[in-house]
Amino acid sequence: MKSIGIRWTTYDRYRNEIYLTHERWQHITNSMNHPDMINYEEHLKLTIRYGKRSQDTLNPQKYRYINSFNDLPEDNTHIVAIVLFRFREDSDGKPLSNNYIVTAFQKQIG
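Summary of the structure given here. (Residues numbered from 1 in each chain as written. Predicted model: local features only at pLDDT ≥ 70, side-chain atom pairs only at ≥ 80, totals over all residues. Heavy atoms only, no water.)

### Topic: the overall build of the protein
Across its full length, the protein carries two helices and six strands. N-terminal to C-terminal, the α/β element order of the protein is β-β-α-α-β-β-β-β. Against the 2.2 N^0.38 benchmark of 13 Å for 110 residues, the protein shows a C-alpha radius of gyration of 14 Å, consistent with a compact globule. Its C-alpha atoms put the protein at 50 × 35 × 25 Å along the principal axes. Within the protein, buried positions represent 37% of all 110 residues. Here the contacts in the protein between residues at least 6 apart in sequence split such that 44% fall between residues at least 24 apart. Averaging the locations of the 15 positively and 13 negatively charged side chains of the protein gives two centres separated by 4 Å. (Helix = DSSP H or I, 4+ residues; strand = E, 2+ residues; numbered from the N terminus. Rg over C-alpha atoms; globule rule 2.2 N^0.38 Å. Buried < 20%, exposed > 50% of the residue type's maximum accessible area, 1.4 Å probe, protein only. Contact = heavy atoms within 4.5 Å. Lys, Arg positive; Asp, Glu negative; His and termini not counted. Charge placed at Lys NZ, Arg CZ, Asp CG, Glu CD.)

In structure tokens form, the structure reads like this:
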């Protein structure tokens, strides 16, 4: 059975609340995806908090966060996180932000 629910929540440098679910963490660290991320969850949080953010040109709700680290395995230099910025309604029908991490991976840049 899959774990569901929010694993953790943090804020980016623009004060946007962003969360990671248990399901997405399982997806990220799955052996078919990015198992090298398993020991770098704190790095992922730091990437969201302090990383450089860029908006996707084809999907304006999609943002890429990138942050460099000097302790990643192999020749990787950065962690990249993909975040979707969405909205949901509260009980009164008012929009609430619903920003969540879709995936994250390590990459050699530069």
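### A short note on the pairing of strand E1 (residues 6–11)
When E1 meets strand E2 (residues 17–21), the two strands line up antiparallel, connected through five bridges. Within the sheet, the bridge partner assigned to Tyr11 lies in E2 and is Glu17. Hairpin connection, E1 to E2: the antiparallel pair is bridged by five residues, and Arg15 has positive phi, about 70°. (Pairing = 2+ DSSP bridges.)

### Observations regarding unusual backbone geometry
Located in the positive-phi region is Arg15, a residue other than glycine, with phi close to 70°. Summarising the element assignment, Arg15 is placed in the loop between E1 and E2. Classification of Arg15 as exposed rests on a relative accessible area of 76%. Within the chain, Glu74 stands out as a residue other than glycine whose phi angle is a positive 55°.

### Looking at the packing of aromatic side chains
Under the definition given, this model contains two aromatic pairs. With centroids separated by 5.9 Å and ring planes inclined at 35°, the aromatic side chains of Tyr19 and Tyr100 adopt a geometry described as tilted. Of the two residues, Tyr19 sits in strand E2 while Tyr100 sits in strand E6 (residues 95–107), which places them 81 residues apart along the sequence. Its relative accessible area of 16% is what places Tyr19 among the buried residues. With 4.6 Å between their ring centres and 55° between their planes, Tyr63 and Phe85 make a pair best called tilted. (Phe/Tyr/Trp six-rings, centres within 6.5 Å; stacked < 30°, edge-to-face > 60°.)

### Notes on the pattern of salt bridges
Summed over all chains, the structure comprises four salt bridges. For Arg7, the salt bridge is made with Glu41, and the minimal N-O distance between the two is 2.6 Å. Taken together, the residues span a long stretch of sequence, with Arg7 in strand E1 and Glu41 in helix H2 (residues 41–50) at a distance of 34 residues. Its salt-bridge partner being Glu23, residue Arg24 comes within 2.8 Å of it at the nearest N-O pair. (Salt bridge = Lys/Arg side-chain N within 4 Å of Asp/Glu carboxyl O.)

### Re the nonpolar core
Counting 19 residues, the largest nonpolar core has Met37, Leu44, Tyr65 and Ile101 as its most contacted members. Elements with a minimum of two residues in this core: E2, helix H1 (22–29), H2, strand E4 (62–68), strand E5 (78–89) and E6. When residues in this core are grouped by element, the largest group, four residues, is from E5. Once residues within four sequence positions are removed from consideration, Leu44 is found in contact with Trp8, Leu20, Trp25, Met37, Ile79, Ala81, Ile101 and Ala104. (Core = buried A, V, L, I, M, F, W, Y, C linked by side-chain atoms within 4.5 Å.)

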